[in-house]
Amino acid sequence: MGSSHLTSFSFPSSERLKGSKCFDRVFREGYSLQSSHFVVLFVRNDLNDNRLGIMIRRKFGKAHDRNRLRRWIRETYRLTKPYTVKGFDIVVLPRKALSDVFTKVSFHQVFEELSELYKRIGA
RNA sequence: AGAGAGGGACGGGUGAUCGCGGGAUUUUUUCCCGAGGAAAGUCCGGACUCCAAGGGCGGGGUGCUGGGUAACACCCAGAAGGAGUGAUCCUUGGAUAGUGCCAUAGAAAAGGAAACCGCCCUCUCCAGGGCAAGGGUGGAAAGGUGAGGUAAGAGCUCACCAGCAUUGGGGUAACCCAAUGGCUUGGUAAACCCCACCCGGAGCAAGGCCAAGCAGGGGUGAGUGGUCCCGCUCUAUCCCCCGGGUAGGCCGCUUGAGAAGGGCGGAAACGCUCUUUCUCAGAUAGAUGAUCACCCUCGACAGAAUCCGGCUUACAGUCCCUCUCUGUCU
RNA sequence: GCCCCCAUCGUCUAGCGGCCUAGGACACUGGCCUUUCAAGCCAGAGGCAGGGGUUCGAACCCCCUUGGGGGCG
């Protein structure tokens, strides 16, 4: 019971989306969900798990801010894993509106917004 | 107490839970480590790797002097000039090797030439001659100030000052001091340049190995192409273009001009030496975050990507050391 | 990550350190013309990315910062 609880929140490297072919497939065939600050693209894969990819442009901000946003997106994915439908390749993109207000945004706001989008995957 | 000057250290802490990267132990867990003073800009200097092998040159860089260093455009000490009451700070080769430029204004902007308003003499005027003190122009006007001298003036003469040259002395040197001489020589080298010293080029996506796959394919060139560019020289069936195929894994990859402490040398930067001291990120879609509790001053700038030595830029706040000036009290 | 390049009116661009208070084209505004619009003519507004330095004087020369763009196995 304890071990299943541990694995449910983990984030191994097999659950990360790698390779430009995989990204191209999501962009070409995927469905999109949008909020005011994020775009989530997803497409069904042949695996039992989800795979998460994050794309943040250099234009978004300095390296420190890009790292922070990437960690927040991954943390949100990790914490909402038990409530998310399995078997999809997911790509998360920040929109331009986020980079303008990013210094004032907290983790909770990102978490609220992204977890809503994650729940709608596959619907 | 106030106002400053110089230099250094730190960059929230502790505990718990979940999660991530690496290593050790091993077959399943457990333990250990895990961003910065700037990791940044890529502005310099190296180490390292490749460029078939060379050769000088072009070209580039640095710029008071001496020392330190693997090396530097960095650091330390000193010199000259400038700013400040001061602690301190700022600047730095050569303009008598040559060339160029100095718009407008101004008479004249650099082989020593020139005269607009002027001054003086000859003189009725016209005109001729002497002069550069004063005015004016300009960022800058051909040494400055004072006295003598003169028709008026002028280094024409003299004194002092600035500057130049020579000689002597001190200092490793930049330079300083003294004497003598002739009376004088604009600014700009972050303009070309001269002098002294240094530099081959590209960069870890360098480069090497393995696996898979495609087509041992087609075309141009023979003094063309490549070694950063140009020229010379040397070498080779080589180079380039079009089209096609992969874009996976491993090595490089982190122990190093390393850190801490002690001793010695040195004025300092720094160097030498010892410790059975410490080992301190190594990812590759790219690891540090979230939650809870407590405390304080409620946390700025901001994230390693081959590695070091600097410089520069960004930065909330806290602490320490040395020194200066002003005011008050004893 | 490493290595380069660029920055001039709203846009595309000229520009020997002094002629530059920066020229031209399109676009914009106002006027003339036209019954009206377009075209044409006349006039106007609007810029050297920012900060230091060299120079008597910088769009131009030298540093630093910022913002764009490109190349690589």
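Computed from a predicted model, the values in this text were never measured in an experiment. (Residues numbered from 1 in each chain as written. Chains lettered and ligands numbered in written order. Predicted model: local features only at pLDDT ≥ 70, side-chain atom pairs only at ≥ 80, totals over all residues. Heavy atoms only, no water.)

**Q** Report on the protein's contact with RNA strand B, specifying residues and quantitative values.
**A** The immediate surroundings of RNA strand B are formed by 23 residues, with Arg16, Leu17, His64, Arg70 and His108 found nearest. For RNA strand B, the fraction of protein-proximal atoms (within 4 Å) that sit in sugar or phosphate groups is 65%. Take Ala63: an N or O atom from its main chain is 3.4 Å from a phosphate oxygen of RNA strand B. In this structure, a phosphate oxygen belonging to RNA strand B sits 2.7 Å away from a main-chain N or O atom of His64. Among the elements of the structure, α1 (2-9), α2 (20-29), α3 (63-79) and α5 (107-119) are those that each provide at least two residues to the surface near RNA strand B. At 9 residues, α3 tops the list of elements feeding residues into the surface near RNA strand B. (Near = heavy atom within 4 Å. Polar contact = N/O pair within 3.5 Å; in protein donor to acceptor, adjacent residues only side chain to side chain. Helix = DSSP H or I, 4+ residues; strand = E, 2+ residues; numbered from the N terminus.)

**Q** Could you give an account of the side chain of Glu113, naming the residues involved and the relevant values?
**A** One can find Glu113 in helix α5. The side chain of Glu113 is buried and forms no salt bridge, while Arg95, the nearest opposite charge, is found at 7.5 Å. Among all residues touching Glu113, those that are not within four sequence positions of it are Ser35, Ser36, His37 and Phe38. (Buried < 20%, exposed > 50% of the residue type's maximum accessible area, 1.4 Å probe, protein only. Lys, Arg positive; Asp, Glu negative; His and termini not counted. Salt bridge = Lys/Arg side-chain N within 4 Å of Asp/Glu carboxyl O. Contact = heavy atoms within 4.5 Å.)

Geometric values such as these leave the question of function open.
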